[in-house]
Structures are given as structure tokens and as C-alpha cells.
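Commentary on secondary and tertiary structure
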Amino acid sequence: MKYLTLAETYRDLQATSKRLEMRDILVDLFRGTEPRLMGRVVYLTQGTLGPDWEGLQLGLGEKLVSRAIALTAGISDDDLEALVHREGDLGLATEAAFASKGPKQVQLFQESLTVDRVFESLTQVARVEGSGSTEKRIRLLQQLLMDADPLSARYIVRTVVGKLRLGIADMTILEALEKAFLWAEDEERVMGSDKVVEAIYNVHPDMGAIALAVANEGAEGLAGFGIEVGVPVRSMLAERLGSTPEILEKMGGRCAFEYKYDGMRIQAHVGPGGVHLFSRRMETITSQFPDVVQAMESAFAGHEAIMEFEAVVHNPETGELLPFQEVSHRRGRVHGLAESVEDYPLVLFAFDLLYLDGEELLLQEFQLRREALESLLGKAGEGPIRPSTLRWVEDPEGGDDFFLEAISAGCEGIIAKAVGEGSHYRAGARGWQWIKYKRDYQAGMTDTVDLVVVGTYAGAGKRTGFYGALLMASVNQEEGTLESVCKLGTGFKDEELAALHERLSPTVLKEAPGNLRSGLQPDFHVQPELVLEVLGAEVTLSPVHRCAYGHLRPQTGLAIRFPRMVRLRDDKGPEEATTSSEIEDMYRRQLKRAD
Ligand code: AMP
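What follows concerns the overall build of the chain. Within the chain one finds 21 helices and 21 strands. At 25 Å, the chain has a C-alpha radius of gyration in line with the 25 Å of a compact globule built from 595 residues. The C-alpha extent of the chain, read off along each of the three principal axes, is 80 × 60 × 55 Å. Every one of the 595 residues in the chain was classed for burial, and the buried ones make up 54%. Counted over contacts in the chain with a minimum sequence separation of 6, partners at least 24 positions apart contribute 72%.

Here it is as C-alpha cells:
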């Protein structure tokens, strides 16, 4: 299969912002792909070479890649830079440079550039290590680009610099796989009705491996996938409510309340192959937490287990729990790890057990998972690994009591967990089986929200050279769109303003992304990647913002009033940001409370 077929598909995908159309373009691609190639085709379409946790990353520096392009196209670095300026990104600039080489050469190179060749070369590029690696990478890229037609070159370059960004949600790829290989030809079903492939993906999120299996064996291919030590399970997420009576009503009168620790979520896999730690976004973070690995090894020797916990920094003298920033500070640290382990000792509060010694607990009711967790860890604990503090709650007084206890212990609030029927672990889903109730819900607007930065406004006065404000959006999961919900201009410290400028300015886009909905035009649009936690005074109706547009009133969306930045959420990607329907719920609850 030629790589050009993929490049043409990518071009078609970028020409539409409609999710159904995207899905069907992918279905055509998948049906026309030799089954043996499906894994590679899917990884490439995601802009990767394998599942995230395997850690084989591209994302090469643009400078290095530019060198390879200039050498291949036979132009100077300055000429290439001028092209980038004119075209708007390195991919388009490469395409333009290659197109001006003339048709004869184009003819020549189209022969050899197959999907296999591109995948293998990119893998080699990603694997290069050690001294002289820059030169080796340039050489490998040059060899690849030498055989690329202009359109292929556009997408190869974007893939190499880690900016393929076709704007396709993972769920769209999953549904395309389902339609291509599990539905009868030309069959249509209600969107999102089936989700067989998605269910597998939630417990075994390796899109390439799943694609390869369904393409080769259809539904039978899915039977081989299940929970596996070493493969992260997608995280279960919580809905939110602002009071104990509301929670009890949702939970059918009875549930468990647990402290909501303000730390970092870690999923630990313990098995014969050692300990693996994954972040909430399923990245491998084992090497950043040698102390956690050691604690796991000694506590669970001889066991095979998958468990989730919140890692919290604490002061060993006073037993006091310290805020999240202390862990995130340590997380990115490569140097001085030993000192940071000493300065910031962690306590691990385990809150779920998904697998133990050959038994999948995922589909068991919450009480059974909790029992298994407690018998593994012991009921309470003084050591570095402890079960989360829990109380079974049946009345509002008991719940409120526990909520206050959690706050005075330095926690953010509580997470209520459903018990009984239907209380299994819902991998990859946000639902009412877990409900968070946080301290800050009690002030003004009842919660912070996590919003995606989609645009920037230039600053004036004291902020000249930085941003005056950012355009923020929530996520509409059904439509796969980003919907603007406020202009954020307060709450930034000076160093945060500088850091934001540094992070966002290289991601400026020439035009608004196809899936952005907003009535506002910022000075610049940026790649929708960065998530910020924001607290506002209230949710209001808005004529210019597009969150939940038309849901409450025609031609009216929702906005967050007086938004303030609380902190950067590097642990969350745009797909985990607050959804428009959550903000709609917040608005409706606000109305109810005002009654
Ligand atoms: P949020 O990030 O605000 O959606 O809240 C959910 C997060 O709370 C989870 O992803 C965990 O990182 C964290 N958390 C803290 N304590 C608990 C707990 N006892 N049970 C589940 N999640 C918890």
C-alpha cells in the first residue's frame, strides 16, 4: 500500500469537521487496507508508532527536521524558513518546496514509498540513540523524504515533528473500525449504539493491536483482548454534585464516601515483569517514582495486581497532607531525583483494585473490590501504601460529617462511590457511579472546570509582550467539537504568563481549527492542547460563546463569568477537559439552587 493513499486520506479528513463524514472516510480507508497493515495504518493515523505507554515517541525538533528538508529539497535554511512563514507550517512548506522540484522527479519517487517503508523508517528515527544521533536522524529522514511526493512529504514531516493532528477523536477511529469490520456492508446504526470495539479499547487501549485483530479475524479477533498486567486500563472518571442530599438521591440512598486526596493518580501494575506505573493519561511514569516502585515491590512480592491510587505528598513529622503542586513539581524532574524523593515523601492512598492474582475484579461490585483491596493492604495503615479513608453513608448527616473530616485532613472533598448492582469499574467512562463533591463547590460557582486554551489575545500595558487573555473552550464529546465558554484574563502570576507565552506561541495556527465553535475571534488561534483549571463566579447565558449552544435558548450559549486561572493541568489532555454537558448541568443546578 502506498503511503500516498494515506496522505490523500489525511487531506480529505482535514477538509471536513463533521464527525460522521470523518468516520466514513476512515471506513473506506480501512476497508481498502490489506489486513496485515491495519496496525501500522491506525498508529500512523494517530500520529504515533505504537501505544503511548510503550514510549516510542517522535516529536523531533523542528530545527533538526528542517535541516533534513532543506538538504533534500536542495534549498537553503533561510529559504525554507521563508516558506514556513508564507505557508504557515513546516508540513505545508515542505510540500511547496517539493512541488517546485518539477513533475519528472515526482514521477520517480512515487514508486517506492509504501506504508511499510514510512513506518519502518520513522521507527528507526525514533529509536536512534547515543552519540551522533542528530546526524543519524537527519540522514534517515533525508533518505525517506528523497522518495516522497509533495503531499506525502507534508504529512511525513508533520508526523515526525509530532504535529499530525488530524482532529479525529479516538472514538471516531474506534467506530470506524467497528463499521468497517463488524457491520454488514452499507449497514447503518444509530451513532454510538454498539461500542463493542470501544469496550475492548477501554481495558486494553492499544488501537493498532485491536485494528490488526478485527481486520484479520472480525469479532473473533476481539476475544483475545482483556485486562493484562503491563497494559494500562483507561481511568474511570467522576461526575460532580454540590451537596450530600443530592449525592444520596443519585446513589439510591446508600453509597461509600472516600476522601478525595489532592495528589496524582497512578495506576500500578505489579507482576513477574516488575512494577509498571502509568499516569492518568496512560503514559509510563515508572522511572519518575523509584520510591513507589520499591514500596510496591516489597508490599506485593509474589502477587500479580493492578491497582489505582492517589499519590500524595506528606510531611512525615506532622502527618499533614500537602497540596498537589508539590507532586507535580517533582514529576517533571529528571535531575536530582534522589533529593526530590527525600524532600517529598509520598503516601499512596489506594482506592481501587482491578485485578488480583489471575482474577479480573473490574466487573465486580464496589464492595467486593474494596474487600479485596483491604485484605491485600490491611484495613488502615501507617506505611507508604494505605487504603483510602472510607465511610459507608446512608444519611446526609453522616455524609456531611465525613465531608468536613476530609477537608480538615487536607483533602479537596470527597468522592462518593456507588455500591451494589452496576457498581463495577467503568474503564474510560465518566458516570454517576463516582461523584465528586469538593470544598470549592461551596463558594460562588460550585466548581472549578478544566478548559482547553484555543486562542490568545495580545496584552497591553504591563502585559505587553505577553497575553492579555486566553480564549477557553469546553469539549462537546458527542460532536467532537470545542466550544468557547470564556475569555480568561485573571489569576495569572507573572511567571505563569511568561510560561504560557513560551508554551503557546509555537503552536499558533493559521486559521481556526475546523472543530472550534465560537462567536469570538481571538488575535491568534492555537493548537487545542493545553488544559487550565478555572474557577468562575457563575455560569450565565451568552450570545457569543458556543458551549451548549441552543440547548437552553435559541442562538444562545453558556459562559463562565469572572473566570480566574487556578492552575495548569498538564496531567489532563483536551479529551479529559470539562465537557459542555457538564457545564450545562452546572447551569441547571445553579438555577435550581436559586429557586
Ligand atoms: P477530577 O480530577 O477532579 O475529575 O477528580 C477525579 C480524580 O480524583 C481522580 O482521577 C483521582 O486522581 C482523584 N482522587 C483522589 N482521591 C480519590 C479517591 N478516593 N477515589 C477516586 N479518585 C480519587
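Still more to cover.
Moving on, we get to the packing of helix H1 (residues 3-14) against helix H3 (residues 38-46). Packed helices, taken two at a time, are described by the angle their axes make and the gap between the axes. Close contact between H1 and H3 brings their axes to 11 Å; oriented N to C, the two are set at 40°. Classified by the interaxial angle, the pair formed by H1 and H3 is oblique. Note that H1 runs across H3; the crossing there is right-handed. Only Val41, Leu44 and Thr45 of H3 make contact with H1, whose side of the interface consists of Tyr3, Leu6 and Tyr10. Tallied by class, residues from the contact of H1 with H3 come to five nonpolar, one polar and no charged.

Tallying each qualifying case throughout the model produces 38 salt bridges. We note a salt bridge from Glu95 to Arg154, for which the minimum N-O separation is 2.6 Å. Within this pair, whereas Glu95 is found in helix H6 (residues 90-99), its partner Arg154 is found in helix H10 (residues 150-160), the two being separated by 59 residues in sequence. A single salt-bridge network, built from bridges that share partners, covers Glu34, Arg36, Arg40, Asp116 and Glu120.

This part covers the site of the ligand. Taken together, 14 residues lie near the ligand, and Glu258, Arg265, Glu310, Lys417 and Lys436 sit nearest. A distance of 2.9 Å separates a nitrogen atom of the ligand from a polar atom in the side chain of Glu258. The side chain of Glu310 places a nitrogen or oxygen atom 2.5 Å from an oxygen atom of the ligand. Across the complex, the protein chains shield 96% of the 500 Å² of accessible surface that the ligand would expose by itself. Every element with two or more residues in the shell around the ligand is listed here: strand E2 (255-260), strand E10 (413-418) and strand E11 (430-438).

As a further point, take the nonpolar core. Among the nonpolar cores identified, the biggest contains 72 residues, and Tyr3, Tyr10, Phe30, Leu44, Val65 and Ile156 are the most heavily contacted of them. Leaving out residues up to four positions away in the same chain, Phe30 has contacts with Met38, Val41, Val42, Ile173, Ala176, Leu177, Ala180 and Phe181. Membership of the second largest hydrophobic core comes to 29 residues, among which are Met264, Val293, Ala295 and Ile385.

The strand order across the open sheet built from five strands is E1-E11-E10-E2-E9, with neighbouring strands paired in mixed fashion. Looking at which strands have only one partner, the edges of the open sheet turn out to be strand E1 (237-240) and strand E9 (390-393). Averaged over neighbouring strand pairs, the angle between their axes works out to 35° when direction is ignored. As defined by bridge partners, E1 adjoins E11 across four bridges and the pair is classed as parallel. Bridging across to E11, Arg240 finds its partner in Lys436. Of the strands in this sheet, E2, E9 and E10 are in contact with helix H18 (residues 366-377), which crosses E9 at around 150°.

Within this structure, the stated rule accounts for zero disulfides. No disulfide involves Cys255; its sulfur sits 17 Å from the nearest other cysteine sulfur, which is in Cys411. Looking at Cys486, it has no disulfide partner, and the nearest cysteine sulfur is the one in Cys547, 9.7 Å off. Cys486 gets classed as buried once you look at its relative accessible area, which sits at 1%.

To continue, consider unusual backbone geometry. Its identity is not glycine, yet Arg165 carries a phi of approximately 40°, on the positive side. Take Arg165: it is sitting in the loop between H10 and helix H11 (170-182). Even without being glycine, Asp357 reaches a positive phi, approximately 45°. Tracing the backbone shows Asp357 in the loop between strand E6 (346-356) and strand E7 (359-360). Look at Asp357 and you get partly exposed, because its relative accessible area is 40%.

According to the stated counting rule, one finds nine aromatic pairs in the structure shown. On the basis of an interplanar angle of 40° and a centroid distance of 5.2 Å, the ring pair of Tyr259 and Phe402 is categorised as tilted. Residue Tyr259 is located in strand E2, and its partner Phe402 is located in helix H19 (residues 396-408); the two are separated by 143 residues in the primary sequence. Classification of Tyr259 as buried rests on a relative accessible area of 11%. Classification of Phe402 as buried rests on a relative accessible area of 1%. Put simply, the rings of Phe257, Tyr259, Tyr261, Phe349 and Phe402 touch in pairs and so form one group of aromatic residues. A cation over a ring is seen here: Lys250 above Trp432, with NZ or CZ 4.4 Å from the ring centre. In this structure, Lys417 is placed above the aromatic ring of Trp434, and the distance from its NZ or CZ to the ring centre is 4.2 Å.

Let us now look at the environment of Glu538. Here Glu538 shows up in strand E19 (residues 538-542). Along the backbone, Glu538 and Gly59 are 479 residues apart, and their C-alpha atoms lie at a distance of 39 Å. In terms of polar contacts, Glu538 uses its side chain to reach the side chain of Arg561, at 2.5 Å.

By secondary structure assignment, the location of Gln267 is in strand E3 (residues 264-271). Of the polar contacts made by the side chain of Gln267, one reaches the side chain of Glu308; its length is 3.2 Å. Setting aside residues up to four positions removed in sequence, Gln267 forms contacts with Pro232, Val233, His276, Leu277, Phe278, Ile306, Met307, Glu308 and Leu354.

Turning our eyes to something else, we now look at the side chain of Ser235. Looking at the secondary structure, you find Ser235 in the loop between helix H13 (207-217) and E1. A relative accessible area of 11% places Ser235 in the buried class. The residues touching Ser235, leaving out its near neighbours within four places in the chain, are Arg265, Arg280, Glu308, Tyr425, Arg426, Ala427, Gly428 and Ala429.

To continue, consider H6. For H6, the buried fraction is high: seven of the ten residues fall into the buried class. Along H6, the positions that sit buried rather than exposed are Leu90, Gly91, Ala93, Thr94, Glu95, Ala97 and Phe98. Elements that come into contact with the buried residues of H6 comprise helix H4 (62-73), helix H5 (77-87), helix H9 (133-146) and H10. Where H6 begins, the side chain of Asp89 points an oxygen toward the backbone nitrogen of Gly91, at a separation of 3.2 Å.

Conventions and cut-offs
Residues numbered from 1 in each chain as written. Predicted model: local features only at pLDDT ≥ 70, side-chain atom pairs only at ≥ 80, totals over all residues. Heavy atoms only, no water. Helix = DSSP H or I, 4+ residues; strand = E, 2+ residues; numbered from the N terminus. Rg over C-alpha atoms; globule rule 2.2 N^0.38 Å. Buried < 20%, exposed > 50% of the residue type's maximum accessible area, 1.4 Å probe, protein only. Contact = heavy atoms within 4.5 Å. Axes fitted to C-alpha atoms, helices over the stretch in contact; angles between N-to-C directions. Parallel < 35°, antiparallel > 145°, perpendicular 65-115°, else oblique. Left-handed = near helix turned anticlockwise from the far one by under 90°. Nonpolar A, V, L, I, M, F, W, Y, C, P; charged D, E, K, R; others polar. Salt bridge = Lys/Arg side-chain N within 4 Å of Asp/Glu carboxyl O. Near = heavy atom within 4 Å. Polar contact = N/O pair within 3.5 Å; in protein donor to acceptor, adjacent residues only side chain to side chain. Areas by Shrake-Rupley, 256 points an atom, 1.4 Å probe, with all protein chains shown as cover. Core = buried A, V, L, I, M, F, W, Y, C linked by side-chain atoms within 4.5 Å. Pairing = 2+ DSSP bridges. Disulfide = S-S within 2.5 Å. Phe/Tyr/Trp six-rings, centres within 6.5 Å; stacked < 30°, edge-to-face > 60°. Lys NZ or Arg CZ within 6 Å of the ring centre and 35° of its normal.

The analysis is restricted to geometry; functional conclusions fall outside its scope.
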